[in-house]
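Spelled out from the first residue to the last, the chains are:
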Amino acid sequence: MATKLWQKNTTPTAEIERFTIGRDRELDLLLAESDVVGSMAHITMLESIGLLTADELTTLLAALRDILSEIRDGQFTIEEGVEDVHSEVELLLTRRLGDIGKKIHSGRSRNDQVLLDLKLWTRQQLRDIVQLVKNLFDELQRQSERHKDVLMPGYTHLQVAMPSSFGLWFGAYAESLADDMLFLQAAYRLVNRNPLGSAAGYGSSFPLNRQMTTDLLGFDTMDYNVVYAQMGRGKMERNVAFALASVAGTIAKLAFDACLFNSQNFAFVKLPAECTTGSSIMPHKKNPDVFELTRAKCNKLQALPQQVTLIMNNLPSGYFRDLQVLKEVFLPAFEELKDCLTMTAYIIPRIEVNEHILDDPRYDLMFSVEEVNRLAANGVPFRDAYRNVGLDIEAGKFQPDKHVHHTHEGSIGNLCNDRIAAFMQQILDGFAFGKVDIALQRLVNG
Ligand code: ARG
């Protein structure tokens, strides 16, 4: 059993240790790079206020760079009996450098350290998600443009309702992602604030230079009030979870549509055989499992805000160990959403569209409103036109004219995909990832 950072003259029992460490040794590995980069900023600041000498800083930075390479090479583990990533990094430094390693924790607590790690990690994860959402958006817009003249039935109450088009269907999900991107941007801006320096949640009597660590780590600004900075644990996760859930909601609905429209009874779209799976008993089956799994995973992701909320709901201000459990639901969510986004972008361009679905007379009646509007445009009062067409339908005399003339913004004949793309681009321009890259490269490479 390794000693704890906080160990004095008593040792916790093995049972207590197992239960309190929980899944940290496994989950904290995800935070390892962020932990080391955060420490680099912290000690650079400590040197600037006289708590480390220039030589000590140089030695410590070199050792931290070594640890960073070991993490990137997959060599880093959190040893048996070591509580978490913060303890492991400090243990490695003291093992390798002796007393100098013990100096890095001045003016810091694991409470602000884990806050910082989570923010640095989440900032990068959100950036990955933004890129994947943009990729999927582009695929959907391409499909929308490619099939903009192909009509399909539109439904209300799952009853055949009015003409729609594949241009509208694909394009709708692209626009939905543009709205989701706004949530991602709000989440990103909340994440991109430095909590370091809040220490245990009440600041420090050392004259910490928080602006300096804010700049070194490429944050927009800091969480100023140290009590609020600590209150951000859980609040950050919840806000980000809402953004992830918004994206997941879009994809889950798309997945359900795709499953439904791929069914033989609809046959609006078809997945190529190599994108389907078979049945162990029914030799003819080609199942849309990718969309079904995507739907389930994305529905599950929509529970994340509730999970986060319930874990932290009844906590007053200040740190509690409860917050550690947030990592169990929060950290794995990113990989799951990224996988769903990647697979959806993979399969969307492979969907085959049925260009002749409206040849089937069962869809004839969805042109009734077109006929009513045609009569009304020629001067027949709308209510009379509606009634006349209705009576024709009842009498079996209705003859659909399948040429639709929809011209207003966002309709079949005027999708406005260019305007939706411009809206998306405007949001993307607001992220300013470049500033983060410059800061981190300077900090890590010296
Ligand atoms: N593993 C802990 C967590 O995730 C790190 C912070 C520990 N702080 C403490 N006061 N015990 O919350």
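These numbers come from a predicted model, not from an experiment.

## With respect to the site of the ligand
1) Next: Residues in contact with the ligand, as listed here, are D24, D84, R110, N111, V114, R233, Y319, Q324 and K327.
2) Next: A distance of 3.0 Å separates an oxygen atom of the ligand from a polar atom in the side chain of R233.
3) Next: Y319 places a polar side-chain atom, nitrogen or oxygen, 2.5 Å from an oxygen atom of the ligand.
4) Next: Its free accessible area being 340 Å², the ligand has 86% of it covered by the protein chains.
5) Next: In the shell around the ligand, the residues fall into two nonpolar, two polar and five charged.

## Points about the pattern of salt bridges
1) Next: This structure, assessed with the given rule, holds 25 salt bridges.
2) Next: Between K327 and D28 there is a salt bridge; the shortest N-O distance is 2.7 Å. A residue pair is termed long-range when its members are at least 10 positions apart, and K327 in helix α12 (residues 326-347) and D28 in the loop between α2 (24-27) and α3 (32-48) qualify at 299 residues.
3) Next: Assessed through its relative accessible area of 3%, K327 is described here as buried.
4) Next: Here D437 ties to R127 by a salt bridge, and the two come within 2.7 Å at their closest N and O atoms.

## So, the pairing of strand β1 (residues 151-156)
1) Next: As defined by bridge partners, β1 adjoins strand β2 (residues 159-165) across six bridges and the pair is classed as antiparallel. Counterpart to P153 in the pairing with β2 is P163.
2) Next: Hairpin geometry of β1 and β2 is characterised by an intervening segment of two residues between the two adjacent antiparallel strands and by a positive phi of about 60° at H157.

## Quick look at the packing of aromatic side chains
1) Next: Applying the stated criterion to the full structure yields 15 aromatic pairs.
2) Next: Seen in terms of ring centroids, Y188 and F433 are 5.2 Å apart; in terms of plane orientation they differ by 90°. Their pairing is edge-to-face. Taken together, the residues Y188 in helix α7 (residues 166-191) and F433 in helix α16 (residues 433-445) connect sequence positions 245 residues apart.
3) Next: Classification of Y188 as buried rests on a relative accessible area of 3%.
4) Next: Among the residues examined, F433 registers a relative accessible area of 19% and is labelled buried.
5) Next: Ring centres of F382 and Y386 lie 6.4 Å apart, and the angle between their planes is 35°; this geometry places the pair in the tilted category. Of this pair, F382 and Y386 both sit in helix α14 (residues 382-394), four residues apart, which is roughly one turn of the helix.
6) Next: An aromatic cluster of at least three residues, connected via ring pairs, comprises Y155, W169, F170, Y173, F261, F266, F268 and Y363.

## Focus on the nonpolar core
1) Next: Counting residues in hydrophobic clusters, the biggest one holds 85 residues, and the most contacted among them are L184 and L244.
2) Next: If sequence neighbours within four positions are ignored, L244 has contacts with L126, I129, L184, L304, A333, F334 and L337.
3) Next: One finds A32, L46, I78 and L116 within the second-largest nonpolar core, a separate group that totals 33 residues.

## Points about the packing of helix α5 (residues 85-97) against helix α6 (residues 110-146)
1) Next: Two elements in contact, α5 and α6, have axes whose closest approach is 10 Å; the angle formed by their N-to-C orientations is 105°. The orientation of α5 relative to α6 falls into the category roughly perpendicular. Contacts from V85, H86 and S87 in α5 reach R110, Q113, V114 and D117 in α6.
2) Next: Partitioning the contact of α5 with α6 into residue classes produces two nonpolar, three polar and two charged.

## Focus: the side chain of K327
1) Next: Only 3.0 Å separates the side chain of K327 from the side chain of D24, close enough to count as a polar contact.
2) Next: Contacts of K327, omitting those with residues within four sequence positions, involve D24, L27, D28, L31, V114, L118, R233 and P332.

## A closer look at the side chain of D24
1) Next: By the secondary structure assignment, D24 is in helix α2.
2) Next: Owing to a relative accessible area of 4%, D24 belongs among the buried residues under this scheme.
3) Next: Sequence-distant contacts of D24, that is, excluding residues within four places in its chain, are made with I78, E83, D84, Q324 and K327.

## Observations regarding unusual backbone geometry
1) Next: Although it is not a glycine, C416 sits at a positive phi angle of roughly 60°.
2) Next: By the element assignment, C416 lies in the loop between α14 and α15 (417-429).
3) Next: Taking relative accessible area as the criterion, C416 reaches 12% and is therefore assigned buried.
4) Next: Residue A432 is not a glycine yet carries a positive backbone phi of 55°.

## Quick word on helix α9 (residues 226-262)
1) Next: Its 37 residues give α9 an end-to-end C-alpha distance of 54 Å, which sits within 8% of 54 Å, the value for a rise of 1.5 Å per residue.
2) Next: For α9, the principal kink sits at R233 and spans about 50°.

## Re the environment of T58
1) Next: Relative to the helices and strands, T58 is located in helix α4 (residues 54-72).
2) Next: Distance in space between the C-alpha atoms of T58 and E47 is 9.8 Å, their sequence separation being eleven residues.
3) Next: At 2.8 Å, the side chain of T58 forms a polar contact with the backbone oxygen of A54.

Parameters at a glance
Residues numbered from 1 in each chain as written. Predicted model: local features only at pLDDT ≥ 70, side-chain atom pairs only at ≥ 80, totals over all residues. Heavy atoms only, no water. Near = heavy atom within 4 Å. Polar contact = N/O pair within 3.5 Å; in protein donor to acceptor, adjacent residues only side chain to side chain. Areas by Shrake-Rupley, 256 points an atom, 1.4 Å probe, with all protein chains shown as cover. Nonpolar A, V, L, I, M, F, W, Y, C, P; charged D, E, K, R; others polar. Salt bridge = Lys/Arg side-chain N within 4 Å of Asp/Glu carboxyl O. Helix = DSSP H or I, 4+ residues; strand = E, 2+ residues; numbered from the N terminus. Buried < 20%, exposed > 50% of the residue type's maximum accessible area, 1.4 Å probe, protein only. Pairing = 2+ DSSP bridges. Phe/Tyr/Trp six-rings, centres within 6.5 Å; stacked < 30°, edge-to-face > 60°. Core = buried A, V, L, I, M, F, W, Y, C linked by side-chain atoms within 4.5 Å. Contact = heavy atoms within 4.5 Å. Axes fitted to C-alpha atoms, helices over the stretch in contact; angles between N-to-C directions. Parallel < 35°, antiparallel > 145°, perpendicular 65-115°, else oblique. Expected span 1.5 Å × (residues − 1). Bend = angle between axes of the 7 residues up to and from the residue.

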